[in-house]
Amino acid sequence: SELGDIVHKKTSGHIFYAVELLNALVRDSTIYFSLKTRRFQWCWEKICSLKTSDSVAQFMVSTFSTLEPEVLQMLRLLSCFGLHTDVDVLDILDASCVAPFDGIRTPLQNLSDLG
């Protein structure tokens with residue numbers, strides 16, 4: 001498909017980069033589902049003119065720069081625990097002074113909702 005071709009070209013075929021790019025395009029409504037046509041549609045011109053980073057790392061940094069400060073704080077904190085964190089650890093963090101006013105779960109849910 002033409003969308004697949006342009007995403008492949010812009011991401012050099014890197015799957016993680018492609019998924020993140022598609023998520024970003026959906027978030028900003030460049031790609032959207034049309035109830036009328038029952039299909040995904042996209043703004044071809046906007047995707048073609050999109051400036052992409054030279055690397056996945058640059059793309060991730062630009063993605064992180066759009067996150068809310070409390071979400072970034074939670075990511076920094078949770079990164080200290082590795083790839084997996086038990087729910088018990090989340091509960092301890094939630095009750096601690098390092099959690100934002102509304103707790104740790106709200107920022108994490110917001111992040112999860114972003115994909």
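Rules used in this analysis
- Starting from 1, residues in each chain are numbered consecutively following that chain's sequence as written.
- Residue-level local features of this predicted model are given only where pLDDT is at least 70; pairs of side-chain atoms are given and counted only at 80 or more, and the full residue set underlies all totals for whole chains, interfaces and linings.
- Heavy atoms throughout the structure, all of them, feed into the side-chain values; hydrogens and water do not.
- Only runs of H or I of at least four residues qualify as helices and only runs of E of at least two qualify as strands under DSSP, and these elements are numbered from the N terminus.
- The contact rule is simple, with two residues in contact once any of their heavy atoms fall within 4.5 Å.
- With residues, only the protein chains shown are counted as cover, and all accessible areas are computed by Shrake-Rupley using a 1.4 Å probe.
- Put simply, two rings from Phe, Tyr or Trp (the six-membered ring, in Trp's case) pair if the centres are within 6.5 Å, and we call them stacked under 30 degrees between planes, edge-to-face over 60, tilted for the rest.
- When accessible area is computed with a 1.4 Å probe and restricted to protein chains, residues below 20% of their type maximum are described as buried, those above 50% as exposed, and intermediate ones as partly exposed.
- Here a patch means residues that are over 30% exposed by relative accessible area and free of salt bridges, tied together within 9 Å if like-charged and within 5 Å if nonpolar (Val, Leu, Ile, Met, Phe, Trp, Tyr).
- We define a salt bridge as a side-chain nitrogen of Lys or Arg found within 4 Å of a carboxyl oxygen belonging to Asp or Glu.
- In short, DSSP must find at least two bridges between two strands for them to pair.
- We call a set of buried residues a nonpolar core when its members are Ala, Val, Leu, Ile, Met, Phe, Trp, Tyr or Cys and they connect through side-chain atoms within 4.5 Å of each other.

Let us now look at the overall build of the protein. Looking only at helices and strands, the protein has seven helices and two strands in total. The long-range share in the protein, meaning contacts at least 24 apart out of those at least 6 apart in sequence, stands at 49%. Counting every atom, the protein has about 8,100 Å² of accessible surface; 60% of that belongs to carbon and sulfur.

Right, let's talk about the packing of aromatic side chains for a bit. Going through the model one piece at a time under the given rule, you end up with one aromatic pair. On the numbers, 5.3 Å between centres and 70° between planes, the contact of Phe33 with Phe40 is edge-to-face. On the basis of relative accessibility, which here comes to 42%, the residue Phe33 falls in the partly exposed class. On the basis of relative accessible area, Phe40 is assigned to the partly exposed category, the value being 49%.

A surface patch of nonpolar side chains, amounting to about 280 Å² of accessible area, comprises Ile15, Phe16 and Val19. If you trace the backbone, Ile15 turns up in helix H2 (residues 15–27). Classification of Ile15 by relative accessible area gives exposed; the value is 64%.

With that settled, the discussion passes to the pairing of strand S2 (residues 39–42). In the sheet, strand S1 (residues 31–34) pairs with S2 via four bridges, with the strands oriented antiparallel. Across the sheet, residue Ser34 finds its bridge partner in S2, namely Arg39.

Glancing now at the nonpolar core. Formed by Leu3, Ile6, Val7, Tyr17, Ala18, Leu21, Leu25, Ile31, Ile47, Phe59 and Met60, the largest nonpolar core amounts to 11 residues. If you list the elements that add at least two residues to this core, you get helix H1 (2–11), H2 and helix H4 (56–64). When residues of this core are assigned to their parent elements, the largest contribution, four residues, is made by H2. Look past the residues within four positions of Leu25 in its chain and what remains in contact with it is Thr30, Ile31, Ile47 and Leu50.

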